[in-house]
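Fold and contact review
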Amino acid sequence: MLVWERPWALWLLVCLGVVLWRSLQKGAPIGRLLGTLEFWPREKVAGEERRRGIPPARWALVCAMGAAVLGMAGPAWQGEATDPPWRVIVDRSPSMGLASGSEGSRLGVALELLDSALDRGAARIFVAGDASTIEHRGERPPRDWVSSVPRPEPDWARFDQPRTIWLTDRMLGHAPVHACVVASGGGVVPGVVALDGQHELFFDGIASRLRPSGQGPQGVEVRGPASSQIVALARIWVESRGHRLTDEQPALLITCAMGPVAGAPEVQQIEQDGWSFSGHLIHPAEGRPWAWAQPSGLPAVAWSPGFVDVQLFELAPPAGDLGGLARSFGDLFDRALVPTGDVVALGERGAVGAGGVSGTFEGGAAARLGQDQRLPRILLAGLATCLGLLALILSRRSPL
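This is a predicted model, so every value here is computed, not measured.

1. Side note on the overall build of the protein
Within the protein, the regular secondary structure consists of 7 helices and 23 strands. Out of the 400 residues belonging to the protein, those deemed buried represent 39%. The contacts of the protein with a sequence gap of at least 6 include a subset with a gap of at least 24, amounting to 66%. For the protein, the accessible surface area stands at approximately 22200 Å², while carbon and sulfur atoms represent 58% of it.

See the structure below:
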């Protein structure tokens, strides 16, 4: 509904009505005769009598003044002000799942702080910080969003936008310009930081020590041609870590490209840490890129938690430092292996300091309403300007 902030200004429209009414009135009689002589032809006098209408220039000027009066009266749209939902960017790195106080985890503490800072009636859309296409609408994110599965922290700079909240465990060194921050804080959390089939590395809060593993070996599945050097390295890694080869619900799946592609594709090469090997790129590897094929620049090896994808079909044995090759792929397989139980990397278990809340958690609807209120006035001001220019142009052809 349209309302007026200064309705008294509308009375000026009456003055414009008077101007129009006076424009329609016949003026003083035009003199025709002096004595008995006729000085003007009858056709010209009759034409002067019929010119009693409103000139186009005057119409344009009166309409311009009317638009200006309406704008001065302060029109505004009055309707229900509905705040858009808040986008809550969730840090899904393993540290958010660590135990913290009575709330169970750092994520739980952060959500309690969010509830105290934000109106419970405000709509929320939770966004996975490491995969922004994953969203969830509700009061809480899904329980499986935070676990010991290795996930990177969000690229916070991408999410520095109004009505956006960064939900994490530590106050960042660089404060956002537009977004708000909710951090749980937390101290050092002891626990297992690495695990193989026989031993585990336990961090007690000060130092790490090796002790016998309380868990059995994990299952790993390796798929690929028997001639592949990467397949051979993967099998050696499984044996050295004390895991077992299986095709039933493996904790890690390693796939290597099967067979060359048809035709004569360009030979690609990957090179890293003093070693290299060449072959045909079947298609870009899926997951987080780990090695790129040259000269195409496409990912030849990629990984994600529980999965390693090698898409370069080898044409010859690897060259260079074979020991470096084994270490590189061993580190890759260790990183991709999904931890079991409470295995969280040492870098995630450190103290993150005191938590807190920063930013402004209100004002979205008011700012948008202010823009809506200005729009009718801007439109009327533009209309008055255009009509005024039209009146000026028309006045050159006929008088006002």
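2. A short note on the packing of helix 5 (residues 229-240) against helix 6 (residues 322-336)
Two numbers describe how helix 5 lies on helix 6: the axes approach to 10 Å, and their chain directions differ by 65°. The element helix 5 and its partner helix 6 pack so that their crossing is right-handed. Across the interface between the two elements, Ile230, Leu233, Ala234 and Trp237 from helix 5 touch Leu325, Ala326, Phe329, Gly330, Phe333 and Asp334 from helix 6. Its residues assigned to classes, the contact of helix 5 with helix 6 shows 8 nonpolar, 1 polar and 1 charged.

3. Section: the sheet that holds strand 14 (residues 244-245)
Ordered in space as 14-13-15-20-19-18, the 6 strands form an open sheet in which the pairing is mixed. With one partner strand each, in any of the chains shown, strand 14 and strand 18 (288-292) form the two edges of the open sheet. Relative to the sheet, helix 5 contacts strand 13 (219-223), strand 14, strand 15 (252-256) and strand 20 (307-310), its axis offset from that of strand 13 by approximately 170°.

4. A few points about the packing of aromatic side chains
Across all of its chains, the model carries 8 aromatic pairs by this definition. Ring centres of tryptophan 275 and tryptophan 290 lie 6.5 Å apart, and the angle between their planes is 20°; on these two criteria the pair is classed as stacked. Placement of the pair is tryptophan 275 in strand 17 (residues 275-281) and tryptophan 290 in strand 18, with a sequence separation of 15 residues. Here the aromatic residues Trp237, Trp275, Phe277, Trp290, Phe329 and Phe333 are joined through ring pairs into a cluster of three or more. Lying across the ring of tryptophan 145, arginine 92 places its NZ or CZ 5.4 Å from the centre. Over the ring of phenylalanine 202 we find arginine 211; its NZ or CZ atom is 4.1 Å from the centre of that ring.

5. Describing unusual backbone geometry
In this structure, proline 295 follows glutamine 294 across a cis peptide bond, with omega equal to 15°. Secondary-structure assignment places proline 295 in the loop between strand 18 and strand 19 (299-304). In this model, arginine 163 sits at a positive phi of 55°, which is unusual for a non-glycine residue. If you trace the backbone, arginine 163 turns up in the loop between strand 7 (135-137) and strand 8 (164-168). Its identity is not glycine, yet glutamine 249 carries a phi of approximately 50°, on the positive side. Its location among the elements puts glutamine 249 in the loop between strand 14 and strand 15.

6. Observations concerning a nonpolar patch on the surface
A surface patch of nonpolar side chains, about 650 Å² in accessible area, is lined by Trp8, Trp11, Val14, Val18 and Trp21. Locating valine 18 in the fold gives a position in helix 1 (residues 12-23). Residue classification places valine 18 among the partly exposed positions, given a relative accessible area of 43%.

7. Things to note about the side chain of arginine 106
Relative to the helices and strands, arginine 106 is located in helix 4 (residues 106-117). Separated by 2.8 Å, the side chain of arginine 106 and the backbone oxygen of glycine 187 make a polar contact.

8. Here we look at helix 4
Between its first and last C-alpha, helix 4 extends 17 Å over 12 residues, near the 16 Å set by a 1.5 Å rise per residue. Within helix 4, the full set of buried residues consists of Arg106, Leu107, Gly108, Val109, Ala110, Leu111, Leu114 and Asp115. Looking at the buried positions of helix 4, the neighbouring elements they touch are strand 5 (86-90), strand 6 (124-128), strand 8 and strand 9 (180-186).

9. Notes on the environment of alanine 293
By secondary structure assignment, the location of alanine 293 is in the loop between strand 18 and strand 19. Taking the C-alpha atoms as reference points, alanine 293 and valine 267, separated by 26 residues in sequence, lie 9.4 Å from one another. The contacts of alanine 293, once residues within four sequence positions are left out, are Gln268, Gln269, Ile270, Leu281, Leu298 and Ala300.

10. Some remarks on the confidence of the model for the protein
Averaged over all residues, the pLDDT of the protein equals 81, while 84% of them reach at least 70. For the stretch residues 44-50, pLDDT sits under 50, and the model shows 4 contacts to residues farther than four places along the chain or on other chains. Ignoring residues within four places in sequence, the model shows residues 365-369, a span with pLDDT below 50, making 7 contacts including any to other chains.

11. Some remarks on the nonpolar core
Judged by nonpolar contacts, the single largest core of 31 residues is most densely connected at Leu252, Ile270, Val308 and Phe329. For this core, the secondary-structure elements that each account for two or more residues are strand 13, helix 5, strand 15, strand 17, strand 18, strand 19, strand 20 and helix 6. Tallying contributions element by element places helix 5 first for this core, with 6 residues. Discounting residues that sit within four places of it in the chain, isoleucine 270 has contacts with Trp275, Ser276, Phe277, Ala291, Trp292, Ala293, Ala300, Val301 and Leu312. Ala110, Leu114, Leu167 and Val182 belong to the second largest nonpolar core, which has 18 residues in total.

12. Structural notes on the sheet that holds strand 7
Spatially, the 6 strands line up as an open sheet ordered 7-6-5-8-9-23, and their pairing is mixed. Taken across any chain shown, the strands that pair with only one partner, and hence form the sheet edges, are strand 7 and strand 23 (353-358). Mean inter-strand twist for the sheet, computed between neighbouring axes without regard to direction, equals 20°. With 5 bridges joining them, strand 9 and strand 23 adopt antiparallel strand pairing. Its bridge partner lying in strand 23, valine 182 is registered against valine 357. Together, strand 5, strand 6, strand 8, strand 9 and strand 23 form the strand contacts of helix 4, whose direction differs from that of strand 9 by roughly 140°.

How each quantity is defined
Per chain, residue numbering runs from 1 following the sequence as it is written. Local features in this predicted model are restricted to residues of pLDDT 70 or higher, and side-chain atom pairs are both shown and tallied only at a pLDDT of 80 or more, whereas totals for entire chains, interfaces and linings draw on every residue. By convention in this description, side-chain values take in all heavy atoms of the structure and omit both hydrogens and water. The way it works is that DSSP assigns letters per residue, a run of H or I at least four long becomes a helix, a run of E at least two long becomes a strand, and they are numbered from the N terminus. Only protein chains enter the calculation, and the probe is 1.4 Å; a residue is then buried if its accessible area is under 20% of its type maximum, exposed if over 50%, and partly exposed in between. Contacts were defined at the residue level, with two residues in contact if any of their heavy atoms lie within 4.5 Å. Throughout, the Shrake-Rupley method with a 1.4 Å probe supplies accessible areas, and for residues the shown protein chains are the sole cover considered. Note on geometry: axes are C-alpha line fits, over the in-contact stretch for helices, and angles between N-to-C directions span 0 to 180 degrees. Crossings are assigned a handedness: left-handed for a near helix turned anticlockwise from the far helix by less than a right angle, right-handed for a clockwise turn. In this classification, Asp, Glu, Lys and Arg are treated as charged, Ala, Val, Leu, Ile, Met, Phe, Trp, Tyr, Cys and Pro as nonpolar, and every other residue, Gly included, as polar. Strands are labelled as partners when DSSP assigns at least two bridges between them. For Phe, Tyr and Trp, where Trp contributes only its six-membered ring, two rings pair if their centres lie within 6.5 Å, and the inter-plane angle classes them as stacked under 30 degrees, edge-to-face over 60, or tilted in between. A ring is scored as having a charge over it whenever the NZ atom of a lysine or the CZ atom of an arginine sits within 6 Å of its centre and within 35 degrees of its normal. Residues with no salt bridge and a relative accessible area higher than 30% make up the patches, which join like charges within 9 Å and nonpolar side chains (Val, Leu, Ile, Met, Phe, Trp, Tyr) within 5 Å. The working definition used for a salt bridge is a side-chain nitrogen of Lys or Arg within 4 Å of a carboxyl oxygen of Asp or Glu. Contacts described as polar in this section are N or O atom pairs within 3.5 Å, which, within protein, must combine one atom able to donate a hydrogen with one able to accept it, while residues neighboring in sequence count only if both atoms come from side chains. Multiplying 1.5 Å by the residue count of a helix minus one yields the expected span of that helix. Confidence of the predictor at the level of single residues is captured by pLDDT, which takes values from 0 to 100. Residues grouped as a nonpolar core are buried Ala, Val, Leu, Ile, Met, Phe, Trp, Tyr and Cys residues, joined through side-chain atoms within 4.5 Å.

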